Amino acid sequence: ALLPVVLVTLDALIERVSLRRLALAGLAATALQLCGHPETQFHVGVLAGVFVLLRVWLLEITQSAKVRLVLVCAAAQVIGVFGASAAVLPFAEQLLESADWQESTHALGRTMPLEGLIGAVAPDHFGRPRAGRFYQGPLNYNEAGLYFGLVPLALAVSLLPRFLIAPRRTRDGPAGHAVIIFTVWLLLCGAVVFGLPGVSIVLERLPLFSKAENLRLLLGVQF
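Definitions and cut-offs
- Residues numbered from 1 in each chain as written.
- Predicted model: local features only at pLDDT ≥ 70, side-chain atom pairs only at ≥ 80, totals over all residues.
- Heavy atoms only, no water.
- Core = buried A, V, L, I, M, F, W, Y, C linked by side-chain atoms within 4.5 Å.
- Buried < 20%, exposed > 50% of the residue type's maximum accessible area, 1.4 Å probe, protein only.
- Helix = DSSP H or I, 4+ residues; strand = E, 2+ residues; numbered from the N terminus.
- Contact = heavy atoms within 4.5 Å.
- Expected span 1.5 Å × (residues − 1).
- Arc of directions from axis to C-beta.
- Salt bridge = Lys/Arg side-chain N within 4 Å of Asp/Glu carboxyl O.
- Axes fitted to C-alpha atoms, helices over the stretch in contact; angles between N-to-C directions.
- Left-handed = near helix turned anticlockwise from the far one by under 90°.
- Nonpolar A, V, L, I, M, F, W, Y, C, P; charged D, E, K, R; others polar.

A. Inspection of the nonpolar core at higher detail. Within the largest apolar cluster, 41 residues are counted, with the highest numbers of intra-cluster contacts made by Leu10, Val52, Trp185 and Val193. For this core, the secondary structure elements donating two or more residues are helix 1 (3–15), helix 2 (19–33), helix 3 (38–57), helix 4 (63–83), helix 9 (174–193), helix 10 (199–204) and helix 11 (218–222). Per element, the largest residue contribution to this core is eight residues, and it comes from helix 3. Excluding residues that lie within four positions of it along the chain, tryptophan 185 makes contacts with Leu3, Leu7, Leu47, Val50, Phe51, Gly190, Gly220 and Phe223.

B. Structural context of the side chain of threonine 9. Within the secondary structure layout, threonine 9 lies in helix 1. By relative accessible area, which is 14% here, threonine 9 ends up buried. Non-local contacts of threonine 9, meaning those with residues more than four positions away in its chain, are made with Leu24, Ala25 and Ala28.

C. Just the environment of threonine 170, in detail. By the element assignment, threonine 170 lies in helix 8 (residues 168–171). Residue classification places threonine 170 among the partly exposed residues on the basis of a relative accessible area of 30%. When the C-alpha atoms of threonine 170 and phenylalanine 42 are compared, they prove to be 33 Å apart, with 128 residues separating the residues in sequence. Sequence-distant contacts of threonine 170, defined by excluding residues within four places in its chain, comprise Phe163, Ala175 and Gly176.

D. Structural view of helix 4. With 21 residues, helix 4 extends 30 Å between its outermost C-alpha atoms, agreeing within 8% with the 30 Å of an ideal straight helix rising 1.5 Å per residue. Within the sequence span of helix 4, burial applies to Ala65, Lys66, Leu69, Cys73, Ala76 and Gly80. One side of helix 4 carries all its buried residues, which in axial view fall inside an arc of 115°. Along helix 4, the residues that are exposed and aim more than 90 degrees away from the buried face are Gln63, Arg68, Leu71 and Phe82.

E. A look at unusual backbone geometry. Phi is positive for leucine 208, which is not a glycine, with a value near 70°. Note on placement: leucine 208 falls in the loop between helix 10 and helix 11.

F. A look at the pattern of salt bridges. Using the criterion set out here, one finds four salt bridges in the structure. For arginine 55, the salt bridge identified is with aspartate 11, shortest N-O distance 2.5 Å. You can see arginine 55 sitting in helix 3 and its partner aspartate 11 sitting in helix 1, a full 44 residues away along the chain. For arginine 55, a relative accessible area of 10% gives the class buried. The shortest N-O distance in the salt bridge between arginine 216 and glutamate 39 comes to 2.0 Å. Taken together, the residues span a long stretch of sequence, with arginine 216 in the loop between helix 10 and helix 11 and glutamate 39 in helix 3 at a distance of 177 residues. Residue classification places arginine 216 among the partly exposed residues on the basis of a relative accessible area of 23%.

G. Inspection of the packing of helix 1 against helix 4 at higher detail. Close contact between helix 1 and helix 4 brings their axes to 10 Å; oriented N to C, the two are set at 145°. Relative to helix 4, helix 1 is oriented so that their crossing is right-handed. Note on element contacts: helix 4 touches helix 1 through Leu69, Val72, Cys73, Ala76 and Gln77, opposite Leu10, Leu13 and Ile14. Class assignment for the residues of the contact of helix 1 with helix 4 results in seven nonpolar, one polar and no charged.

Here it is as structure tokens:
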């Protein structure tokens, strides 16, 4: 739920750096760090980082200015960690001393079968546990939830052709940047969620990714 808030505050900070906007981005990051589900917080942080890097890279400014913007956005996340330190520090201490961490337990490495895409348009296709219907879908009900509403899906499909034939100034502006950023999001998250060959090998060698349930990057596909 906080992912859009984090993105909006970071986008505003990139648009114009100020102490007020830095404070707002830091506040959003603090709220994220207090959510209480570390893996999801980690994945939201990763998605926000990809957003910032792509958003800044698409700006027509000098390289040094781009570096400064990335550092300012990173500072907002540092503020978030400090703001939530009363919860983050005890958790980190317990985590590093836990048997789970010491035994180098790795992520389950689960992936979504392609049939799970049916859930994007028919959320009850495989059943709905809370309605008393036996669930026979891929993975568990929550993590197989691709559905985000037929209206936004229909709008996205109908508007994409109009965007592709839009004037160049539209494609090179904020709308075009958004399409590029979230297309990259979709491709990266989709490669992880649907198990593109070789992706799991890379994730196993990356810190934190090797521990986390990366199927939750389904969040990026939904967004």
